[in-house]
Amino acid sequence: MADSDTLLETPLAALHKELGVRMVPFAGYSMPVQYPAGIMAEHLHCRSAAALFDVSHMGQAELVGEGAAAALEQLTPADVQALKPGRQRYGLLLNEAGGIVDDFMVANLGDRLFLVVNASRKQVDLPLIESVLPSGVKLRPLPDRALLALQGPAVASLVPTDLTFMGIAPITIAGIEVIASRSGYTGEDGLEISVPAEQAEALARALLAMPGVMPAGLGARDSLRLEAGLCLYGNDLDETTTPVEANLVWSMGKRRRMAWDFRGAERVREQLDNGAPRLRVGLRPEGRQPARAHTQIRAGGEVVGEITSGGFGPSVGAPVAMGYVARPHAADGTALDLIVRDKALPARVAPMPFQPHRYAR
Amino acid sequence: MTELKFTKDHEWLRMEGQVAVIGITDHAQTALGDVVFVDLPEVGREVTAGEAIAVVESVKAASDVYAPITGRVVEVNEALTDDPSKVNAEPTGAGWFFKIEASGALPDDLLDADAYNAFVDSLA
């Protein structure tokens, strides 16, 4: 417990304590893992009503100046220049070998680009982005802003907006000016809300006071995103995985796939032409026993891959997992063995998401 | 009903003659959260006190359950296979894990309720 002194806290730390949260260290922060309701209840409540997550540990930044989008495109195959004002997009930052440095959100706020990167990667991403900027473009980290995610089917009526899925705009919620995007990490409709740190607690209290809003922690966030088939950086993505292997080619712009003018393009192009050696797939173990991250995957006794995220899907009502397997074993329905505590647990490759997305498109 | 005894690994046991009924404590189930799967030992298995013989999986993580005493597994709670949430709902009742017929004397480091509660408090 000695290192808890060095953990950072979010602007909602006092509120979390008041709500009786259990905190865990995550990416250098002390973060809520679950509230008294428990992961299962928080997860199911998010799917049926609305849940509020504190994700203030994530890195927020602005990119300002003529040519900001083109500059960022050096590092990502996402089509940033085509992003219209008021729109947000998911993208990948790549290294020279086509490996994924991070996955992130980029939004066009008209006069600037707004970025949200992973907490565990902001110390890597921001200097990397800085290193490719021309003199007229400035990167401004926004450490004084908190980030809340309000997720679930009730959100549209609780906080009505004109936004459609992946729309973003400055709006006012409970008298507080925020930047809200209609997006999330649960597979549900909802909002991700960037708010000045000093107003974060007032906003969180206002949202929690709305009918049917329950606080939820990182535990539920993880089971929700896994059911939704969404990647967690550090588990499902790292600097050795490429967009092709990770099945994230959809995040690459068509124009970018014609021009191949981004870092790591050569390897990505080669894999698109010839096929990647391994692919990220969904897995459904038989029965109720979960298979967790780092579980070995075998086919006929031969090791063909590893699970990168796995657990029990409360909404699916069964264990679910994702991982990487050698390409010959990646087709839906392929029977594989997951080696859990030295025993082979039968599983099949399954399409993702495990739980259908319900975005407001 | 005889008094429960406890281990520092957060199992409880209740002696019924030479047979101990064993489960995980209320503190343990609270710490684990919603139990979704229990992997039980085979009936007839000879086990040694301190040996990991079962696994309890919550939404978030897997944890070992240890044999608190040496002996032979004589029964397991098959009902947990279909409804593992009994472990959360009734940890010292319907949520029991397995029964071990003791061979020889019980370990002398088993705790009574007061000592176990004091131990749990010392962890906080």
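What counts, and at which threshold
- Residues numbered from 1 in each chain as written.
- Chains lettered and ligands numbered in written order.
- Predicted model: local features only at pLDDT ≥ 70, side-chain atom pairs only at ≥ 80, totals over all residues.
- Heavy atoms only, no water.
- Contact = heavy atoms within 4.5 Å.
- Buried area = accessible area lost by both parts, 1.4 Å probe.
- Salt bridge = Lys/Arg side-chain N within 4 Å of Asp/Glu carboxyl O.
- Polar contact = N/O pair within 3.5 Å; in protein donor to acceptor, adjacent residues only side chain to side chain.
- Helix = DSSP H or I, 4+ residues; strand = E, 2+ residues; numbered from the N terminus.
- Nonpolar A, V, L, I, M, F, W, Y, C, P; charged D, E, K, R; others polar.
- Buried < 20%, exposed > 50% of the residue type's maximum accessible area, 1.4 Å probe, protein only.
- Pairing = 2+ DSSP bridges.
- Core = buried A, V, L, I, M, F, W, Y, C linked by side-chain atoms within 4.5 Å.
- UniProt positions renumbered as here; feature names shortened; annotations may be inferred.
- Disulfide = S-S within 2.5 Å.

## Some points on the interface of chain B and chain A
Argument step 1. Counting from both sides, the interface comprises 15 residues of chain B and, opposite them, 16 residues of chain A.
Argument step 2. For the pairing of chain B and chain A, the buried interface totals around 1300 Å² over both sides, and the portion due to carbon and sulfur atoms is 50%.
Argument step 3. If you sort the residues of chain B by the area they bury against chain A, B:Val36, B:Val59 and B:Lys60 come out on top, with a joint share of 41%.
Argument step 4. Put simply, chain B and chain A have four salt bridges between them.
Argument step 5. With a shortest N-O distance of 3.8 Å, A:Arg341 and B:Asp39 are connected by a salt bridge.
Argument step 6. Joining chain B to chain A, the criterion identifies eleven residue pairs in polar contact (both at pLDDT 80 or more).
Argument step 7. Broken down by secondary-structure element, the contributors of at least two residues to the side of chain B that touches chain A are helix H1 (26-32), strand E4 (35-39) and strand E6 (52-58) of chain B.
Argument step 8. Of the residues belonging to the side of chain B that touches chain A, the class tally is eight nonpolar, three polar and four charged.

## Quick notes on the pairing of strand E3 (residues 50-54) of chain A
Residue and element names in this part refer to chain A.
Argument step 1. The element E3 is extensively covered by neighbouring structure, given that five of its five residues are classed as buried.
Argument step 2. Alternating residues of E3 divide into Ala50, Leu52 and Asp54 and Ala51 and Phe53, and every residue in both groups is buried.
Argument step 3. Taken together, the three bridges between E3 and strand E13 (residues 213-215) define a ladder with parallel strand orientation. Residue pairing across strands places alanine 50 opposite valine 213, the latter belonging to E13.
Argument step 4. Pairing of E3 with strand E9 (residues 145-151) involves four bridges; the strand directions are antiparallel. Following the sheet pairing, phenylalanine 53 is matched in E9 by alanine 149.

## As for the nonpolar core
Argument step 1. Judged by nonpolar contacts, the single largest core of 66 residues is most densely connected at A:Phe53, A:Leu237, A:Leu283, A:Ile297, A:Leu336 and A:Leu338.
Argument step 2. Aside from chain neighbours lying at most four places away, what touches A:Leu283 is A:Ile297, A:Ile307, A:Val320, A:Ala321, A:Gly323, A:Leu336, A:Leu338, A:Arg348, A:Val349, A:Ala350 and A:Phe354.

## Quick notes on the UniProt feature "domain: Lipoyl-binding" (unreviewed entry) in chain B
Argument step 1. The sites that carry the UniProt feature "domain: Lipoyl-binding" (unreviewed entry) are, in the present numbering, residues 19-101 of chain B.
Argument step 2. A distance of 4 Å separates the end C-alpha atoms of residues 19-101 of chain B, which is 18% helix and 42% strand.

## With respect to the state of the cysteines
All names here are of chain A.
Argument step 1. With the rule as written, the count across this model stands at zero disulfides over all chains.
Argument step 2. Counting only cysteine sulfurs, cysteine 231 is the nearest neighbor of cysteine 46, a cysteine outside any disulfide, at a range of 19 Å.
Argument step 3. By relative accessible area, which is 0% here, cysteine 46 ends up buried.

## Re the pairing of strand E7 (residues 113-117) of chain A
Residue and element names in this part refer to chain A.
Argument step 1. In terms of burial, E7 is a largely internal element, five of the five residues being buried.
Argument step 2. Neither face of E7 is open: one carries Leu113, Leu115 and Val117, the other Phe114 and Val116, and all of them are buried.
Argument step 3. Relative to E7, strand E4 (residues 59-64) is paired through five bridges, and the arrangement is antiparallel. Looking at E7, one finds that glutamine 60 is bridged to valine 116.
Argument step 4. Pairing of strand E6 (residues 100-108) with E7 involves five bridges; the strand directions are antiparallel. Bridging across to E7, phenylalanine 104 finds its partner in valine 117.
Argument step 5. Hairpin connection of E6 to E7: four residues between the antiparallel strands, including glycine 110 at a positive phi of 90°.

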